Amino acid sequence: MQVAKRLQNLPPYLFARIEKKIAEAREKGVDIISLGIGDPDRPTPSHIIEELVKEAQNPENHRYPTSEGLVAFRQAVAEWYEKRYGVKLDPKSEVVTLIGSKEGIAHISFCYVDPGDINLVPDPGYPVYGIGTLLAGGEVYTLPLKEENGYLPDLTAVPSDVARRAKLMFLNYPNNPTGAVADRRFFEEAVEFARQYDVLICHDAAYNEITFDGYRAPSFFEVPGAKEVGIEFNSLSKPFNMTGWRIGWACGRADAIEALARIKSNIDSGVFQAIQYAGIAALKGSMDSVAEVCRIYQERRDILVEGLNSMGWRLNKPKATFYVWAPVPQGYTSESFAEMVLERAGVIVTPGNGYGTFGEGYFRMALTIDKERIREALERLRRVLGQVEF
Ligand SMILES: *Cc1c(COP(=O)(O)O)cnc(C)c1O
């Protein structure tokens, strides 16, 4: 039996393809160093695990949770936003728990997009923005992120007829895959655009806590008026090494949060309550572990960027995220470079075109492996590439 067109028309999920390549190489006995997938390698801090274990024993948590999440969890999110960003949120109407922020990012299009509607989607970008749009029957209008613009979209370049048809605009700073950051001025411009064209801004703040060199990433809501035009997706996955736990949230504009909760109540039954209690422990507990993971990623970033620069790259060190985004050397495409380093060096990098057409000519490396392995990867690249030119 044939699957539906909406499924046939999807590109294979990028990371599923990479996982397959890794498995094939490992089967041949090759020692693979993967800089491919951004998934924290360190364990979840123990005070969070202990809370899960305790709450897992409580039979009250064995029943269906509510799809919008425990009030206590949403309250913890609101308190954390106030403390961290000075942003006030009403826990009941302005926060919804998600099964990881990816779930909400995929579902928000189902709340607002009818066939023929447009979403504005950054390119290169996290694939789920565009895929959610397509699954809902919408059209993607690409916002190119270019190096010369600091990987910020040029909103003045969006034609006004497109802007008027647009429902959602996805933004993501600190940015995956480029590592770029946005300042409040850009967020102000985005709020202005959203007001003018009645577009809902969906800001993905997954990397707001993964920052270096004293840089502090702003919430979209630090800008006046932002909460009237947007929502922010956020997650425990990256700061607390909790990607496997599947817990995040969306917050902000109340009618959008209500719409997301309504879709969810028809599809899922929320997050295991013991996990939400563990999430409360994360948000209310010490942030020392977050500072520690940032220190570790920063050290790895320095080793990787300095190593690549000694081979001829001219990279700036990213201020945030655990990614390094780099151009491929002369004579390569994103794919041919990724294939070459896998075959000849046993190193996995992610081809930039997997994040959109404007990612062509780049590749991404994740800092989620041990520094000794990063050094080893650099050694292998040096042996294969020597000095590179662009
Ligand atoms: C990791 C990531 C997420 C989602 O993580 P969840 O585990 O689903 O909360 C969202 N956006 C970006 C850009 C990411 O890299």
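Going by the structure above, here's the rest.
Residues numbered from 1 in each chain as written. Predicted model: local features only at pLDDT ≥ 70, side-chain atom pairs only at ≥ 80, totals over all residues. Heavy atoms only, no water.

Participant: Requested: an account of the site of the ligand, with residues and values cited.
Facilitator: If you check the shell around the ligand, you find 15 residues, and the closest are Asp 204, Tyr 207, Ser 235, Ser 237 and Lys 238. In this structure, an oxygen atom belonging to the ligand sits 2.6 Å away from a side-chain N or O atom of Tyr 207. For the ligand, whose accessible area on its own is 390 Å², the fraction buried by protein is 94%. When the residues that make up the shell around the ligand are grouped by side-chain class, the tally is 5 nonpolar, 6 polar and 4 charged. (Near = heavy atom within 4 Å. Polar contact = N/O pair within 3.5 Å; in protein donor to acceptor, adjacent residues only side chain to side chain. Areas by Shrake-Rupley, 256 points an atom, 1.4 Å probe, with all protein chains shown as cover. Nonpolar A, V, L, I, M, F, W, Y, C, P; charged D, E, K, R; others polar.)

Participant: Provide a residue-level description of the sheet that holds strand β12 (residues 362–366), including the pertinent values.
Facilitator: Reading across the sheet, the 3 strands line up as β9-β12-β11 and stay open at both edges, with antiparallel pairing between neighbours. The two strands at the open ends of the sheet, each matched to only one other strand, are β9 (323–327) and β11 (350–351). As judged from the 5 bridges shared by β9 and β12, these two strands associate in the antiparallel manner. By the bridge assignment, Pro 327 is partnered in β12 with Tyr 362. (Pairing = 2+ DSSP bridges. Helix = DSSP H or I, 4+ residues; strand = E, 2+ residues; numbered from the N terminus.)

Participant: If you had to explain the pairing of strand β3 (residues 118–123) to someone new, which residues and values would you point to?
Facilitator: It is a general feature of regular strands that their side chains alternate between the two faces of the sheet. Among the 6 residues that make up β3, 6 are buried, leaving the element largely enclosed by the rest of the structure. Going residue by residue along β3, you find Ile 118, Leu 120 and Pro 122 tucked away on one face and Asn 119, Val 121 and Asp 123 tucked away on the opposite face as well. As defined by bridge partners, β3 adjoins strand β4 (residues 139–144) across 6 bridges and the pair is classed as parallel. The partner of Val 121 across the bridge, within β4, is Thr 142. (Buried < 20%, exposed > 50% of the residue type's maximum accessible area, 1.4 Å probe, protein only.)

Participant: Which residues make up the pairing of β12, and what values go with them?
Facilitator: Among the 5 residues of β12, 5 are classified as buried, and the element is accordingly described as predominantly covered. Residue alternation in β12 divides its side chains into two sets, Tyr 362, Arg 364 and Ala 366 and Phe 363 and Met 365, and both sets are buried. Across 2 bridges, β11 lies against β12 in antiparallel orientation. Bridge pairing links Thr 350 to Arg 364 in β12.

Participant: Give me the lowdown on the nonpolar core, citing residues and values where you can.
Facilitator: The biggest cluster of nonpolar side chains holds 61 residues, and the ones touching the most others in it are Tyr 81, Met 169 and Trp 249. Counting only domains with at least three residues in this core, you end up with domain 1 (5–43 + 288–385) and domain 2 (46–284). Apart from the residues lying within four places of it in its own chain, the contact partners of Tyr 81 are Gly 86, Val 87, Leu 89, Ser 219, Phe 221, Glu 232, Asn 234, Trp 249 and Cys 251. If you look at the next biggest cluster of nonpolar residues, it comprises 39 residues, including Leu 304, Met 311, Val 349 and Leu 381. (Core = buried A, V, L, I, M, F, W, Y, C linked by side-chain atoms within 4.5 Å. Domains from an automatic or database assignment. Contact = heavy atoms within 4.5 Å.)

Participant: Lay out the packing of aromatic side chains with the relevant residues and their values.
Facilitator: For any two aromatic rings, the description comes down to two numbers: the centre-to-centre distance and the angle of the planes. Across all of its chains, the model carries 24 aromatic pairs by this definition. Arranged with centres 6.2 Å apart and planes meeting at 65°, the rings of Phe 73 and Trp 249 form a pair that is edge-to-face. With Phe 73 in helix α4 (residues 71–85) and Trp 249 in strand β8 (residues 248–252), the pair connects residues that are 176 residues apart, well separated along the chain. Residue class for Phe 73 comes out buried when judged on its relative accessible area of 0%. By the ring-pair criterion, three or more aromatic residues cluster together here, those being Phe 73, Trp 80, Tyr 81, Tyr 85 and Trp 249. (Phe/Tyr/Trp six-rings, centres within 6.5 Å; stacked < 30°, edge-to-face > 60°.)

Participant: Just give me the short version of the environment of Glu 55, but keep the residues and values in it.
Facilitator: Mapping Glu 55 onto the fold places it in helix α3 (residues 46–56). Distance from Glu 55 to Ile 275, taken between C-alpha atoms, is 8.1 Å for residues 220 residues apart in sequence. If we skip the residues at most four places from it in the chain, Glu 55 touches Asn 61, Ala 274 and Tyr 277. At a separation of 2.8 Å, a polar atom in the side chain of Glu 55 contacts the side chain of Asn 61.

Participant: Any chance you could break down the pattern of salt bridges for me, citing the residues and the numbers?
Facilitator: Across all of its chains, the model carries 30 salt bridges by this definition. Residue Glu 55 is joined to Lys 54 by a salt bridge in which the shortest nitrogen-to-oxygen separation is 3.7 Å. Residue Arg 380 pairs with Glu 376 through a salt bridge whose shortest N-O separation is 2.9 Å. Taken together, the positions of Arg 380 and Glu 376, both in helix α15 (residues 371–385) and 4 residues apart, correspond to about one turn of that helix. You can call Arg 380 buried: its relative accessible area is 10%. Three or more residues are tied together by salt bridges with common partners; here these are Asp 213, Arg 301, Asp 302, Glu 306 and Lys 317. (Salt bridge = Lys/Arg side-chain N within 4 Å of Asp/Glu carboxyl O.)

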